[in-house]
Structure formats: structure tokens, C-alpha cells
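Topology and contacts: notes
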Amino acid sequence: MTQMKQATDNNDLAPAGGRHATRKIIVVTDLDGSLLDHYSYSAEPALATIRKLQNRRIPLIFNTSKTLAECEALSETLGLSDPFIVENGSATYYPKRRFRTAPQGATSHGVYWQVVAGMRHEDIQTRLAPLKADYRMVTLSDCSLGDICAATGLSMTAARRAQNRQFSEPLIWQDSDEALVKFQQALVGLGLTTLRGGRFLHVLGDVDKGKALLAIQAVYRQTYHEVVAIALGDGDNDIAMLEAADFPVLIRSPAHKLPTLACTRPVTISEEAGPAGWAASIRQLLKTI
Ligand SMILES: [Mg+2]
């Protein structure tokens, strides 16, 4: 009974015809280096701010290069039940307990509605296979779990989740910058693109985090009159998402420079790196928007 009441209260999509004349803020965030510390993967400094978002019923939507399994695990750890976007915009998962009706284009996937925008992993692997001999690179699918742990500092369990890709192939690039340009040109002819994440170069379909943000915003707009998106990220693969957001936030990194945005909207730049900067930026923005 309690659970049913919660499901009703939490319904993020109104019944047919029921559009709230209210403004909805959504927070869409990168994980590694943004909500999660670049080195320790901890979200600890952001926990109080996450609770604040929950109290204000502001969805906290991951938009990450991570997989469904990784997002599910983190969502559970943080006590969240919001949608999340996996593998750099390749697919979005809406928990059915929050979304009683299927968003447009969604299919049922266990406890989620799944909207796929990207290319299936097997298809990417098939297209990538003939190129492997021409360049010095290691795909994550070809790595042992031990290799992944050594390269990333992930635990075996976390490495297994990272290896379980559905819509992208991460690789460790070991060749020159010139070779990378040639490789990227070859990929375009195969309907593939690349995105640089914190640790890997991701090969994937014609998707990015920005298109995924706009799509999820459109889903909320079916229910709410106005949907305002705060987006937070620290890497090059966050640029499209930050440029698509109403309130872009760049999170400082201890490992690399801030990406450059071509953005007409005011950009917030965190003072601190990682989750501490993430939390402070959100608290500041929520006072003003
Ligand atoms: Mg990042």
C-alpha cells in the first residue's frame, strides 16, 4: 500500500491530457569527474545536495558514458529512482515506477522504459573489426578484466560492469594524433563517431549527450509547461550536453583543462573540482533560478 502510494506520488508523467502549468527543473549530470570524484569515484561531498534535490522533487538524471548496469548500481547506492542516459546518449532508461506511461518511442526493458538512439554494440564491433589491424589501439572488449582494473583503478566488479557495453566500444588509443584523425575519418564512412571520455575514446553511433538531454527534456515537457535543464560536466564528451542546457555548469578537473564551450548562455564554472564543486554549483544555481 505504501509502495503504491509512493508510485502514484512520484509519477513523473501525468495521465493523458494532464499537463501541469508548472515549471520543472531537471538536473542532468556527467558522472566521472563531475558527480563522482575523478580518482576515488566517490560522490560523498555531493550527498547533502542530492538529498536537497530529492526534497525539492528535482530529478537527478545521469548522462554518462557508463553502462546500464553501472548506472543502475549507482542509482541504487544513491537512493535515486530517476531516469538515466547511458553510453554517451545512446539510450535512455525511464523507471516504470516513476513513468507509468511509456515515453514516445520507448520499449519495455524490465523495470524500465528504454529509448534507444544509438547503434548496437555487435554492429559497432563488426564495423570496427577491419580497422583494428591498421592502428595501435586496444578495445575494452579485447581487454581482460585485469587489464581494465590496471588501466582504470576500478574494482573487478566495477570493471565487469564497464565492459558490459550495449551501444559503444571504449578503446585505449596508443597510436599518434595523426593516426587518430585518419581513424576518425574512416569511422565516419561507417556511420560511427568518437567521443573522448575521461579515460577512453568511445566509438559509437551518431549520438551525443546533447541530443539525449533535449530528448529527455521533451519527455518532461509533455507533463510540465516549462522544463529548465541544469547540466554539469567536466570533459569534451560533455560539450554537446552543456551547450544544449539552459544552465551549463563546467566542473573543474584535477586531471585536465576545462573544455571550451560555444555557448550564448551564462556558464557557471565550479570553484572546486569534482563532487564538491558540483554540489556548490547546484546550491548556488538553485538560489537564483
Ligand atoms: Mg567526466
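Residues numbered from 1 in each chain as written. Predicted model: local features only at pLDDT ≥ 70, side-chain atom pairs only at ≥ 80, totals over all residues.

Before going further, it helps to examine the overall build of the protein chain. Looking only at helices and strands, one finds ten helices and 13 strands in the protein chain. Taken against the 2.2 N^0.38 rule, which gives 19 Å for 289 residues, the C-alpha radius of gyration of the protein chain at 19 Å falls within 12% of a compact globule. Its C-alpha atoms give the protein chain principal-axis dimensions of about 55 × 40 × 35 Å. (Helix = DSSP H or I, 4+ residues; strand = E, 2+ residues; numbered from the N terminus. Rg over C-alpha atoms; globule rule 2.2 N^0.38 Å.)

What follows concerns the domain arrangement of the protein chain. Under the domain assignment used here, the protein chain contains domain 1 (2–118 + 208–288) and domain 2 (121–204). Taken together, the contact between domain 1 and domain 2 spans 18 residues of the former and 13 residues of the latter. Top element by residues in the side of domain 1 that touches domain 2 is helix α3 (residues 68–77). It accounts for four residues. Of the residues in the side of domain 1 that touches domain 2, the class split is four nonpolar, nine polar and five charged. (Domains from an automatic or database assignment. Contact = placed C-beta atoms within 7 Å. Nonpolar A, V, L, I, M, F, W, Y, C, P; charged D, E, K, R; others polar.)

Turning next to helix α2 (residues 47–55). Within α2, burial applies to Thr 49, Ile 50 and Leu 53. Down the axis of α2, the buried side of the element spans an arc of 105 degrees, and every buried residue falls inside it. Set apart from the buried face of α2 by more than 90 degrees, the exposed residues are Ala 48, Arg 51 and Asn 55. Immediately downstream of α2, the backbone of Arg 57 shows phi near 55 degrees, a positive value. (Buried ≥ 20, exposed ≤ 12 C-beta atoms within 10 Å, placed from the backbone. Arc of directions from axis to C-beta.)

This brings us to the pairing of strand β10 (residues 201–204). Two strands pair when backbone bridges link them, and strand β8 (residues 168–173) and β10 are joined in this way by four bridges, in the antiparallel orientation. Across the sheet, residue Ser 168 finds its bridge partner in β10, namely Leu 204. Relative to β10, strand β9 (residues 193–196) is paired through four bridges, and the arrangement is antiparallel. Opposite Thr 194, over in β10, you have Val 203 as the bridge partner. (Pairing = 2+ DSSP bridges.)

What follows is about the pairing of strand β6 (residues 112–116). Bridging between strand β4 (residues 91–95) and β6 involves five bridges; their strand directions are antiparallel. If you follow Tyr 93 over to β6, its bridge partner there is Gln 114. Here strand β5 (residues 107–109) runs beside β6; their pairing, made up of three bridges, is antiparallel. Within β6, the position partnered with Thr 107 by the bridge is Gln 114.

In this section: unusual backbone geometry. Unusually for a residue other than glycine, Glu 87 sits at a positive phi of about 50 degrees. On the secondary structure map, Glu 87 appears in the loop between β3 (84–86) and β4. Given 30 C-beta atoms within 10 Å, Glu 87 falls into the buried group.

So, about the nonpolar core. Counting residues in hydrophobic clusters, the biggest one holds 65 residues, and the most contacted among them are Val 28, Ile 61, Leu 213, Ile 230, Ala 231 and Ala 245. Taken domain by domain, the makeup of this core includes at least three residues from each of domain 1 (2–118 + 208–288) and domain 2 (121–204). Excluding residues within four positions of it along the chain, Ala 245 makes contact with Val 28, Leu 213, Ala 229, Ile 230 and Ala 231. (Core = buried A, V, L, I, M, F, W, Y, C linked by C-beta atoms within 7 Å.)

This paragraph deals with the confidence of the model for the protein chain. Per-residue pLDDT for the protein chain has a mean of 90; in total, 92% of the residues score no lower than 70. Confidence drops under a pLDDT of 50 for residues 1–10, and excluding neighbours within four residues, the segment shows three contacts in the predicted structure. (pLDDT = per-residue confidence, 0-100.)

Its place among the elements puts Thr 268 in strand β13 (residues 268–273). The buried category is assigned to Thr 268, around which 20 C-beta atoms lie within 10 Å. Along the sequence, Thr 268 and Leu 232 sit 36 residues apart, while their C-alpha atoms lie 9.2 Å from each other.

Turning next to helix α8 (residues 209–221). For α8, which comprises 13 residues, the first-to-last C-alpha distance of 18 Å matches the rise-based estimate of 18 Å (1.5 Å per residue) to within 8%. Along α8, the residues that are buried comprise Lys 209, Ala 212, Leu 213, Ile 216, Gln 217, Val 219 and Tyr 220. End-on, the buried residues of α8 take up no more than an arc of 155 degrees, which puts them together on one face. (Expected span 1.5 Å × (residues − 1).)

What follows is about the sheet that holds β10. Backbone-to-backbone hydrogen bonds pair the strands of a sheet. The strands run either parallel or antiparallel. Overall, antiparallel pairing links the four strands, which are arranged β7-β8-β10-β9 in an open sheet. One side of each edge strand has no neighbouring strand; the edge strands of this open sheet are β7 (137–139) and β9. Each adjacent strand pair in this sheet contributes to an overall mean axis angle of 30 degrees, direction not counted. (Axes fitted to C-alpha atoms, helices over the stretch in contact; angles between N-to-C directions.)

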